[in-house]
Amino acid sequence: MTQKPSDIVRLDGVTMQFGTVCALAGVDFTVTPGECIGLVGHNGAGKSTLMNVLAGTLPPTSGSIRISGQQQIGYTVTAANALGIRCVFQELSLCANLTVAENTRVNHGALRGLGWRRRAGALITAKLDEIFPGHGIAAGDVVEDLSIGRRQMVEVARAFTVTDAPLHLIILDEPTSSLDSHTAGQLLAYMRAAVAKGLSCILISHMLGEILDNADRIVVMRDGAVVANGPAREFDRDRLVSAMGAEHRQGSTSIQAPSAHGEVCVRVRPAGDGSAIELLARRGEIVGLAGLAGHGQTRMLIDIFAAKGGHSSGIEVTVSTALIAGDRQRDGIFPLSSIARNIAIGSMRALRRGFLISRKHEDELGETWRKRMRIRTPAMTDNILTLSGGNQQKALFARALASDARIVLMDDPMRGVDIATKLEVYDLLREEARKGRTFLWYTTETEELENCDRVYVFRNGSIVAELASHEITEEKVIQSSFTEAA
Ligand SMILES: Nc1ncnc2c1ncn2[C@@H]1O[C@H](COP(=O)(O)OP(=O)(O)OP(=O)(O)O)[C@@H](O)[C@H]1O
């Protein structure tokens, strides 16, 4: 196939085989200047793999790569960078023990010589100011001290910085997955403005509204192949969902209000002058934690988890807890273990036979949750890192639900999970809540709060509003997020 003079990228017949898994089954894909392509597909459809090929981080098993008309042989990240292609990966790639400025230097060989740290700091700060005004990040901050949302902001801003290499195409793989809606809006507005000036962009997201609102063209992948490709105006949510191969389902069905008099199993008394609101969760409730990212929601979940069924500085927890960590790379997965072991690790007591862990029971547990969460893998004995990002997240969910914990603390747990699975997980949560489990659920996706019985809105480390189920709207959450406690 010949390349149109205007194509920046032309991939033809790209395949990628990981052992027995065919991640890409002959994909043709093009990008033209000044367009935003929305790339969607179920977890494990092959989106990240395709982007890894395009960014030069994975050599394809077969197929051809042409960039600006040039056939690429031995294509690498360095070549991609020199040709103006950058990628913001789903699993953040910043060095945790370096500062924000030092991480910027890693990508820019031009920032050498005397005063490089100051110049790197100025470069990244200017870009952060441009994309995320009011970001609150300093160039001297060490990355491991930043919240996952702020790390995502640094990673995105760094990809947009330019020194000696040009920037023609930016690949954003779920760039808003850890950002609250306000910050995500800042990024998407910046991206649209850059596209209007001629930059090309590939946006991967499971938030279909984000794709429909921002893409010029949409490409849908399914099982390693492109199954739909056309102008965004030809798609709506239903068409996207069915192209992805998910059964069409209406959004969440209405939830049964829990007993308002159920036994209280978590109570967190506010510190300070008494203006903040107390957090209470009863048996069988799904309680949402909302507000701008980094305003104390994760801290509260960790404090409740650390209280371990006891009392600790104003926190009372009367039953056992499990935590689904928000940062799977850092706090969630056991990278040397299999998928089944990663799930079973939350239920070790139940799986113990004498001094040993029963492999048979571990395998059975893994199989049950593979089916329930639709984890896409040829074998649950494979290493957890062979799973796509969304499928890793499903395994973490399975770990908490498979455990006997009575309270499940969820720190933005649906990061990267596809729409079909999300709807099933929502049903699962309700079913578990009806059986008496309690869920405390921090989410950066305001739409998800509709699944909650009540929502607490956080600001500056305190709860500033409590919304009953009939009051939960995006507008109300955003309004409360910007209001101080009365
Ligand atoms: N290093 C690897 N080893 C083995 N299998 C892999 C590896 N990387 C990816 N895969 C498999 O390739 C397939 C495609 O994965 P990929 O990460 O591209 O999916 P994705 O569409 O980006 O999914 P998600 O939405 O969950 O991020 C999956 O079945 C995954 O398990």
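Located above this text is the structure these notes cover.
So, here's what we can say about the structure. (Residues numbered from 1 in each chain as written. Predicted model: local features only at pLDDT ≥ 70, side-chain atom pairs only at ≥ 80, totals over all residues. Heavy atoms only, no water.)

**What to know about the sheet that holds strand β5 (residues 70-71)**
Reading across from one edge, β2-β1-β4-β5 is the order of the four strands in this open sheet, with antiparallel pairing throughout. Of all the strands in the sheet, the pair left with one neighbour each is β2 (21-31) and β5. Direction of pairing for strand β4 (residues 62-67) relative to β5: antiparallel, over a ladder of two bridges. Residue pairing across strands places R66 opposite Q71, the latter belonging to β5. (Pairing = 2+ DSSP bridges. Helix = DSSP H or I, 4+ residues; strand = E, 2+ residues; numbered from the N terminus.)

**Re the pairing of β4**
Looking along a regular strand, one sees side chains alternate from face to face of the sheet. Here strand β1 (residues 9-18) pairs with β4 via five bridges, running antiparallel. Opposite V9, over in β4, you have I67 as the bridge partner. Between β4 and β5, which pair antiparallel one after the other, the connecting turn spans two residues, and S68 there sits at a positive phi close to 45 degrees.

**Brief notes about helix α4 (residues 116-131)**
Compared with the 22 Å implied by 1.5 Å per residue over 16 residues, the 23 Å span of α4 between its first and last C-alpha is a close match. For α4, the complete set of buried residues consists of A120, G121, I124, K127, L128 and I131. The arc enclosing the buried residues of α4, seen along the axis, measures out at 140 degrees, which places them on a common side. Buried-residue contacts for α4 involve α3 (100-107), α5 (148-160) and α6 (181-196). (Expected span 1.5 Å × (residues − 1). Buried < 20%, exposed > 50% of the residue type's maximum accessible area, 1.4 Å probe, protein only. Arc of directions from axis to C-beta. Contact = heavy atoms within 4.5 Å.)

**A word on the packing of aromatic side chains**
Summed over all chains, the structure comprises two aromatic pairs. A ring pair is formed by F160 and Y190, whose centres lie 5.1 Å apart and whose planes are at 90 degrees; its orientation type is edge-to-face. In this pair, F160 sits in helix α5 while Y190 sits in helix α6, placing the two residues 30 residues apart along the sequence. With a relative accessible area of 3%, F160 lands in the buried category. Both rings, one in Y426 and one in W441, keep their centres 5.9 Å apart while their planes meet at 45 degrees; by these two values the pair is tilted. Of this pair, Y426 sits in helix α15 (residues 419-434) while W441 sits in strand β20 (residues 438-442), and the two are 15 residues apart along the sequence. Like W441, Y426 is buried. Directly above the ring of F235 sits R239, whose terminal nitrogen or CZ lies 4.2 Å from the centroid. (Phe/Tyr/Trp six-rings, centres within 6.5 Å; stacked < 30°, edge-to-face > 60°. Lys NZ or Arg CZ within 6 Å of the ring centre and 35° of its normal.)

**Some details on the side chain of S64**
Relative to the elements of secondary structure, S64 occurs in strand β4. The exposure class assigned to S64 is buried, which follows from its relative accessible area of 19%. Leaving out residues up to four positions away in the same chain, S64 has contacts with R10, L11, D12, V14 and Q71.

**So, the site of the ligand**
Of all residues adjacent to the ligand, which total 20 residues, the nearest are K47, S48, T49, T386 and S388. Contact distances for the ligand include 2.9 Å between an oxygen atom and a side-chain N or O atom of N43. Contact between the ligand and A45: an oxygen atom at 3.1 Å from a main-chain N or O atom of the residue. Protein burial of the ligand: of its 630 Å² of free accessible surface, 83% is covered by the chains. Within the residue set of the shell around the ligand, elements represented by two or more residues are β2, α1 (47-54) and α14 (389-402). (Near = heavy atom within 4 Å. Polar contact = N/O pair within 3.5 Å; in protein donor to acceptor, adjacent residues only side chain to side chain. Areas by Shrake-Rupley, 256 points an atom, 1.4 Å probe, with all protein chains shown as cover.)

**Here's the deal with the nonpolar core**
Counting residues in each nonpolar core, the largest one holds 49 residues, and the members touching the most others are V40, F132, F160, I170, L172, I218 and V220. If one sorts the elements of this core by residue count, α6 sits on top with seven residues. Those residues within four positions of F160 in sequence are excluded, and the remaining contacts are K127, I131, L167, I170, L172, L187, Y190 and L199. Ranked by size, the runner-up nonpolar core spans 44 residues in total, among them A344, A405, L428 and W441. (Core = buried A, V, L, I, M, F, W, Y, C linked by side-chain atoms within 4.5 Å.)

**Thoughts on the pattern of salt bridges**
Across all of its chains, the model carries 23 salt bridges by this definition. Across the pair E155 and R158 runs a salt bridge, and its minimum N-O distance is 3.8 Å. In this pair, E155 and R158 both sit in helix α5, three residues apart, roughly one turn of the helix. With a relative accessible area of 3%, E155 lands in the buried category. R430 is paired through a salt bridge with D427; the nearest N and O atoms lie 3.0 Å apart. In this pair, R430 and D427 are both assigned in helix α15, three residues apart and thus about one turn of the helix distant. Residues joined by salt bridges that share partners form a network here, namely R372, E431, E432, K435 and R437. (Salt bridge = Lys/Arg side-chain N within 4 Å of Asp/Glu carboxyl O.)

**A short note on the packing of helix α13 (residues 359-373) against α14**
Packing of α13 against α14 brings their axes to within 10 Å, and their N-to-C directions diverge by 120 degrees. Taken together, the axes of α13 and α14 lie oblique to each other. With respect to the hand of their crossing, α13 and α14 are arranged in right-handed fashion. Residues L365, W369 and M373 of α13 lie in contact with α14, whose contacting residues are K394, F397, A398, L401 and A402. Of the residues that constitute the contact of α13 with α14, the class distribution is seven nonpolar, no polar and one charged. (Axes fitted to C-alpha atoms, helices over the stretch in contact; angles between N-to-C directions. Parallel < 35°, antiparallel > 145°, perpendicular 65-115°, else oblique. Left-handed = near helix turned anticlockwise from the far one by under 90°. Nonpolar A, V, L, I, M, F, W, Y, C, P; charged D, E, K, R; others polar.)

**Notes on the pairing of strand β11 (residues 264-268)**
Here β11 pairs with strand β12 (residues 279-282) via four bridges, running antiparallel. Following the sheet pairing, V266 is matched in β12 by A281. Pairing geometry for β11 and strand β15 (residues 315-317), over three bridges, is antiparallel. Among the inter-strand pairings, R267 is bridged to a residue of β15, identified as E316.

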